[in-house]
Amino acid sequence: MADSKQDQDAGGTQAAGDTAAAAGKAAGADKRAERRVAKLAREISAFAKHHGGSAEGQIAHLGQMGARIVLVGADGGWGDLVAPSHAIAERAAEKAGITVHEDFDGEMAARVRTGPYEWSRMAGIQLGGPRNAA
């Protein structure tokens with residue numbers, strides 16, 4: 001009987017240790033997620049400041065890779081960021097204070113201003129621009 005009592009006590013201690021370890025991992029993951037949200041929010045705010053003082057965005061799923069935040073500045077400049085999850089992308093956009101659209105619709109796309117680089121990359125071959133390196 002003494003052996004079974006020790007086994008039960010050891011099992012209880014082991015279970016408590018596993019629970020504490022899981023809680024520690026979860027807390028660490030939460031801290032990493034909050035740091036990532038803060039970093040993305042700073043990057044979104046810097047983009048907005050650099051492109052006319054404001055920006056709007058759209059969040060698109062990238063599957064297991066996470067989510068893409070497409071940004072369009074007040075001056076028509078555009079860029080994107082990748083977040084590890086859709087939830088982190090939403091929290092970062094909220095923290096940065098930008099408007100997030102459900103879709104990258106025609107109205108939002110009409111505000112995008114492309115430059116020579118984009119034209120040469122997207123349609124350079126058809127328009128006589130430099131060929132894209134394969």
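**So, the overall build of the protein**
Next, step 1: Per the secondary structure count, the protein includes 4 helices and 4 strands.
Next, step 2: Secondary structure of the protein in N-to-C order comes out as α-β-β-β-α-β-α-α.
Next, step 3: Expressed as a percentage of the 134 residues in the protein, the buried residues total 27%.
Next, step 4: In the protein, once contacts between residues fewer than 6 apart in sequence are set aside, the share between residues at least 24 apart is 53%.
Next, step 5: Accessible surface, the protein as shown: approximately 9,100 Å² in total, 55% of it carbon and sulfur.

**Notes on the sheet that holds strand β3 (residues 78-83)**
Next, step 1: If you trace the 4 strands from one edge of the open sheet to the other, you get β3-β2-β1-β4, paired in mixed fashion. Unpaired on one side and paired on the other, β3 and β4 (99-101) mark the two borders of the sheet. Each strand of the sheet is rotated relative to its neighbour by a mean of 30 degrees, with strand direction disregarded.
Next, step 2: Of the strand pairs in this sheet, strand β2 (residues 67-73) and β3 are connected by 6 bridges, and their pairing is antiparallel. Paired with V72 across the strands is W78, a residue of β3.
Next, step 3: Running at roughly 175 degrees to strand β1 (residues 55-61), helix α2 (residues 86-96) makes contact with β1, β2, β3 and β4 of the sheet.

**Quick word on the pattern of salt bridges**
Next, step 1: A complete count under the given rule lists 4 salt bridges for this structure.
Next, step 2: Residues joined in a network through salt bridges with shared partners are E56, E107 and R111.

**Examining a negative patch on the surface**
Next, step 1: There is a patch of like negative charges on the surface, built from E90, E94, E102, D103 and D105.
Next, step 2: Note that E94 resides in helix α2.

**Thoughts on the pairing of β2**
Next, step 1: For β2, the tally of buried residues reaches 6 of 7 residues, placing the bulk of the element in the interior.
Next, step 2: Here β1 runs beside β2; their pairing, made up of 7 bridges, is antiparallel. Its bridge partner lying in β2, A60 is registered against R68.
Next, step 3: Connecting β1 to the next strand, β2, in antiparallel fashion are 5 residues, including G63 with a positive phi near 75 degrees.

Basis of the calculations
- Residues numbered from 1 in each chain as written.
- Predicted model: local features only at pLDDT ≥ 70, side-chain atom pairs only at ≥ 80, totals over all residues.
- Heavy atoms only, no water.
- Helix = DSSP H or I, 4+ residues; strand = E, 2+ residues; numbered from the N terminus.
- Buried < 20%, exposed > 50% of the residue type's maximum accessible area, 1.4 Å probe, protein only.
- Contact = heavy atoms within 4.5 Å.
- Areas by Shrake-Rupley, 256 points an atom, 1.4 Å probe, with all protein chains shown as cover.
- Pairing = 2+ DSSP bridges.
- Axes fitted to C-alpha atoms, helices over the stretch in contact; angles between N-to-C directions.
- Salt bridge = Lys/Arg side-chain N within 4 Å of Asp/Glu carboxyl O.
- Patch = residues over 30% accessible without salt bridge, like charges linked within 9 Å, V, L, I, M, F, W, Y side chains within 5 Å.
- Lys, Arg positive; Asp, Glu negative; His and termini not counted.
- Charge placed at Lys NZ, Arg CZ, Asp CG, Glu CD.

No statement about biological role is implied by the geometric values presented.
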